[in-house]
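The lines below spell out each chain.
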Amino acid sequence: EAGVTQSPTHLIKTRGQQATLRCSPISGHTSVYWYQQALGLGLQFLLWYDEGEERNRGNFPPRFSGRQFPNYSSELNVNALELEDSALYLCASSLGWTGVNQPQHFGDGTRLSIL
Amino acid sequence: DQQVKQNSPSLSVQEGRISILNCDYTNSMFDYFLWYKKYPAEGPTFLISISSIKDKNEDGRFTVFLNKSAKHLSLHIVPSQPGDSAVYFCAALQGGSEKLVFGKGMKLTVNP
């Protein structure tokens, strides 16, 4: 069974540009989550998508946005990039709500570097 | 305010012995707890979880214990193997939010 896949592995941008990161969940998973791991900081929750809808977002500015497609894959868009956006962005997926809590399974991340 | 704390940054144990990793939390609304293992240049790998209605969950060499009154959980690895050497993250979730809150991680080294 293929795990969560993310692309690209690395992305280099300059200040003010836009970045698009992509994620394909595990087959059968309907929920997709995005997390940011900046240098020296822990994993911070960014966004949760389920069945195409944004269900929850963390404490990040609106220039962080995304969407989920009908095939449950997802994009994370970061507009007006700033130096502090340099981080590892991790995508996770889960079965979504089934009546019991389900673990989130992570991809290997996209390393975004802002020059 | 850090809601999930892993107070020890590292632990070193001998192969075959028990590894005990600890985690404390402050939010009493958390009702689901997970442990992840992370190797360099890879994403976190799910290890084991426990619901707040239980106090113990076991999966092979891994056992997680939850003490709700103390807001404390621990991961026991028995016997420890060199391949267990990694960074371990404790995470907690409040049902409905699906927002995992992570500790800062602890590096486990298992020496042959």
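See the structure above.
Residues numbered from 1 in each chain as written. Chains lettered and ligands numbered in written order. Predicted model: local features only at pLDDT ≥ 70, side-chain atom pairs only at ≥ 80, totals over all residues. Heavy atoms only, no water.

Undergrad: What exactly am I supposed to notice about the overall build of chain A here?
TA: Counting its secondary structure elements, chain A contains 0 helices and 11 strands. Each helix (α) and strand (β) of chain A, taken in turn from the N terminus, gives the series β-β-β-β-β-β-β-β-β-β-β. In terms of overall dimensions, chain A is globule-like: its C-alpha atoms have a radius of gyration of 14 Å, near the 13 Å expected for 115 residues. Counting every position in chain A, which comprises 115 residues, the buried fraction comes to 50%. Put simply, of all contacts in chain A between residues at least 6 apart along the chain, 53% involve residues at least 24 apart. Of the roughly 5600 Å² that chain A leaves accessible, carbon and sulfur atoms contribute 49%. (Helix = DSSP H or I, 4+ residues; strand = E, 2+ residues; numbered from the N terminus. Rg over C-alpha atoms; globule rule 2.2 N^0.38 Å. Buried < 20%, exposed > 50% of the residue type's maximum accessible area, 1.4 Å probe, protein only. Contact = heavy atoms within 4.5 Å. Areas by Shrake-Rupley, 256 points an atom, 1.4 Å probe, with all protein chains shown as cover.)

Undergrad: Would you mind showing me how to read the interface of chain A and chain B here?
TA: How big an interface is tends to be stated in terms of the accessible area lost upon association of its parts. Contact residues are listed per partner, giving 17 residues for chain A and 20 residues for chain B. Taken together, both faces of the contact between chain A and chain B bury some 1600 Å²; the carbon and sulfur share is 59%. Looking at the side of chain A facing chain B, the largest losses of area belong to L43, N101 and F106 of chain A, adding up to 32% of the total buried there. Joining chain A to chain B, the criterion identifies 0 salt bridges. Between the two partners, chain A and chain B, sit 6 residue pairs in polar contact (both at pLDDT 80 or more). Secondary-structure elements contributing two or more residues to the side of chain A that touches chain B are β4 (31–37), β5 (43–50) and β10 (105–106) of chain A. For the side of chain A that touches chain B, the residue count by class is 8 nonpolar, 8 polar and 1 charged. (Buried area = accessible area lost by both parts, 1.4 Å probe. Salt bridge = Lys/Arg side-chain N within 4 Å of Asp/Glu carboxyl O. Polar contact = N/O pair within 3.5 Å; in protein donor to acceptor, adjacent residues only side chain to side chain. Nonpolar A, V, L, I, M, F, W, Y, C, P; charged D, E, K, R; others polar.)

Undergrad: What is the right way to read the pattern of salt bridges from this model?
TA: Close approach of charged atoms allows side chains of opposite charge to pair. Enumeration over the complete set of coordinates arrives at 8 salt bridges over all chains. Taking the shortest distance from any N to any O, the salt bridge between R22 of chain A and E75 of chain A comes out at 3.6 Å. Here R22 of chain A is found in strand β3 (residues 19–24), whereas its partner E75 of chain A is found in strand β8 (residues 74–78), with 53 residues between them in sequence. Judged by relative accessible area, which is 42%, R22 of chain A ranks as partly exposed. Taking the relative accessible area as the measure of exposure, E75 of chain A reaches 10% and is therefore buried. With a closest N to O distance of 4.0 Å, K56 of chain B and E58 of chain B form a salt bridge.

Undergrad: Explain the sheet that holds β3 of chain A here, please?
TA: Strand pairing within a sheet occurs via backbone hydrogen bonds; the two strands may be parallel or antiparallel. All names here are of chain A. Read across the open sheet, the 4 strands follow the order β1-β3-β8-β7; overall the sheet is antiparallel. At either margin of the open sheet sits one strand with a lone partner, and together these are β1 (5–7) and β7 (64–68). Going across the sheet, the axis of each strand differs from the next one's by a mean of 20 degrees, ignoring polarity. Across 5 bridges, β7 lies against β8 in antiparallel orientation. (Pairing = 2+ DSSP bridges. Axes fitted to C-alpha atoms, helices over the stretch in contact; angles between N-to-C directions.)

Undergrad: How do you make sense of the packing of aromatic side chains when you look at a structure like this?
TA: Aromatic rings in a pair are described by how distant their centres are and how their planes are angled relative to each other. Residues and elements named next belong to chain B. Inspection of every chain in the model, using the stated rule, returns 13 aromatic pairs over all chains. Ring centres of Y25 and F33 lie 4.7 Å apart, and the angle between their planes is 40 degrees; this geometry places the pair in the tilted category. Here Y25 matches F33 in class, with each residue buried. Seen in terms of ring centroids, F30 and F33 are 6.5 Å apart; in terms of plane orientation they differ by 85 degrees. Their pairing is edge-to-face. With a relative accessible area of 5%, F30 lands in the buried category. Judged by its relative accessible area of 2%, F33 is buried. (Phe/Tyr/Trp six-rings, centres within 6.5 Å; stacked < 30°, edge-to-face > 60°.)

Undergrad: What is the right way to look at the nonpolar core in this model?
TA: Soluble globular proteins tend to bury their nonpolar side chains together. Ranked by internal contacts, the top residues of the largest apolar core, which has 25 residues, are F33, W35, L73, L75 and Y88 of chain B. Contributing elements (two or more residues each) for this core: β3 (19–25), β4 (32–38), β5 (45–51), β7 (62–67), β8 (72–77), β9 (86–93) and β11 (106–111) of chain B. No other element matches β9 of chain B, which puts 4 residues into this core. Not counting the four nearest positions on each side in its chain, F33 of chain B is found in contact with Y25, I48, S49, I50, S52, L66, L73, A91 and A92 of chain B. Core analysis: the next-biggest nonpolar cluster, separate from the first, contains 22 residues, F64, V78, C91 and I114 of chain A among them. (Core = buried A, V, L, I, M, F, W, Y, C linked by side-chain atoms within 4.5 Å.)

Undergrad: Quick question: what am I supposed to make of the sheet that holds β8 of chain B here?
TA: Residues and elements named next belong to chain B. Strand order across the open sheet formed by 5 strands is β1-β3-β8-β7-β6, with antiparallel pairing between neighbours. At either margin of the open sheet sits one strand with a lone partner, and together these are β1 (4–5) and β6 (56–59). For β6 and β7, the ladder comprises 4 bridges, and the chain directions are antiparallel. Paired with K56 across the bridge in β7 is F65.

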